[in-house]
Amino acid sequence: MNIEETLTSLRKELDPFNCKLIAVSKTKPAQAIMQAFDSGQRDFGENKVQELVTKHETLPKEINWHMIGHLQTNKVKLIAPFVHLIHAVDSRKLLATINKEAIKNDRVIDCLLQMHIAREDSKFGLTKDELIALLDEVAAGEFGHVKIKGLMGMATNTYNEEQVSEEFRGLHELQLSLQSKYHSNNIDMTELSIGMSGDYKLALQEGSTMVRIGSTIFGQRSYP
Ligand SMILES: *Cc1c(COP(=O)(O)O)cnc(C)c1O
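This one's a predicted model, so the numbers in the text were calculated from it and none came from an experiment.

Trainee: Outline unusual backbone geometry, supporting the account with residue identities and numerical values.
Mentor: Note: most residues except glycine have negative phi, and most peptide bonds are trans. Here the phi dihedral of Asn-18 falls at roughly 55°; this positive angle occurs in a residue that is not glycine. Take Asn-18: it is sitting in the loop between α1 (3-14) and β1 (20-24). In this structure, Thr-27 is a non-glycine residue whose phi angle is positive, near 70°.

In structure tokens:
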């Protein structure tokens with residue numbers, strides 16, 4: 001299937017779940033992104049700041065750019081003027097920096113908090129206690145220029161589907177409990193960013209509202 005056909009069939013799969021497709025275009029050239037854009041795709045995800053900035057400068061302004069990868073605090077200023085949603089907020093320091101840069105740009109930046117759900121050390125993310133402590137601060141008005149839209153997580157990289165589903169389910173249950181706990185202008189726990197090419201079908205079953213899909217759309221990458 002070409003890019004356009006893949007997008008059409010993915011949308012058919014996601015629509016019944018009311019799930020949004022983030023096309024992960026990291027390492028892929030402008031031409032591939034434009035093929036997706038021309039078939040109606042508007043949300044794209046990148047995991048490297050410099051690549052995100054360059055693509056934002058050269059591609060259509062209608063694109064919503066999602067920063068999906070680990071973000072270093074010293075690079076926040078480069079994307080703060082335009083980023084649509086930051087998926088992987090994994091520390092208080094990072095959230096504080098995003099808030100500071102949002103103030104400078106006179107905007108409110110939408111964020112997801114990344115929870116550590118995988119049984120792997122390598123994946124970034126907050127623990128549940130850190131997450132609650134951070135949300136308490138946001139609810140108290142500490143970070144007026146960020147809006148927490150929900151949670152993001154990456155499951156363990158395993159063929160064990162039961163394990164992946166369990167990890168996703170735990171995050172969904174947490175999202176629902178936080179939704180009923182926090183009622184604040186800056187917290188709106190409606191989004192759950194789970195699911196990639198290898199596990200998005202499981203994520204849809206567990207309440208995903210945004211899947212981040214790269215290789216299924218654009219083909220294998222030669223580097224991560
Ligand atoms: C690369 C990446 C994806 C997409 O991965 P695919 O397996 O190519 O679909 C999703 N989320 C994050 C955080 C990524 O870095």
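Trainee: Report on the site of the ligand, specifying residues and quantitative values.
Mentor: Close contacts around the ligand come from Val-24, Lys-26, Ile-68, Met-154, Met-196, Ser-197, Arg-212, Ile-213, Gly-214, Ser-215 and Arg-221, and that covers them all. Lys-26 has a polar side-chain atom sitting 2.7 Å from an oxygen atom of the ligand. Protein chains bury 90% of the 390 Å² of accessible surface belonging to the ligand in isolation. Its residues assigned to classes, the shell around the ligand comprises 5 nonpolar, 3 polar and 3 charged.

Trainee: Outline the packing of helix α6 (residues 128-139) against helix α7 (residues 161-181), listing residues and values.
Mentor: Packing of α6 against α7 brings their axes to within 12 Å, and their N-to-C directions diverge by 25°. Here α6 is positioned roughly parallel relative to α7, judged by the angle of their axes. In terms of crossing hand, the pair formed by α6 and α7 is right-handed. Note on element contacts: α7 touches α6 through Leu-174, Leu-178 and Lys-181, opposite Lys-128, Leu-131, Ile-132, Leu-135 and Asp-136. Class assignment of the residues belonging to the contact of α6 with α7 gives a composition of 5 nonpolar, no polar and 3 charged.

Trainee: Any details on the side chain of His-56? Residues and values, ideally.
Mentor: Secondary-structure assignment places His-56 in helix α3 (residues 49-58). Contacts of His-56, omitting those with residues within four sequence positions, involve Lys-61, Trp-65 and Phe-82.

Trainee: Could you give an account of helix α5 (residues 92-104), with specific residues and numbers?
Mentor: Over its 13 residues, α5 runs 19 Å from end to end, which matches the ideal 18 Å to within 8%, given 1.5 Å per residue. For α5, the full list of buried residues reads Leu-94, Leu-95, Thr-97, Ile-98, Asn-99, Glu-101 and Ala-102. Contacts made by the buried residues of α5 are with α4 (76-79), β4 (85-89), β5 (109-115), α6 and β6 (146-153). Positive backbone phi, approximately 55°, marks Asp-106, located one or two places after α5.

Scoring rules and cut-offs
Residues numbered from 1 in each chain as written. Predicted model: local features only at pLDDT ≥ 70, side-chain atom pairs only at ≥ 80, totals over all residues. Heavy atoms only, no water. Helix = DSSP H or I, 4+ residues; strand = E, 2+ residues; numbered from the N terminus. Near = heavy atom within 4 Å. Polar contact = N/O pair within 3.5 Å; in protein donor to acceptor, adjacent residues only side chain to side chain. Areas by Shrake-Rupley, 256 points an atom, 1.4 Å probe, with all protein chains shown as cover. Nonpolar A, V, L, I, M, F, W, Y, C, P; charged D, E, K, R; others polar. Axes fitted to C-alpha atoms, helices over the stretch in contact; angles between N-to-C directions. Parallel < 35°, antiparallel > 145°, perpendicular 65-115°, else oblique. Left-handed = near helix turned anticlockwise from the far one by under 90°. Contact = heavy atoms within 4.5 Å. Expected span 1.5 Å × (residues − 1). Buried < 20%, exposed > 50% of the residue type's maximum accessible area, 1.4 Å probe, protein only.

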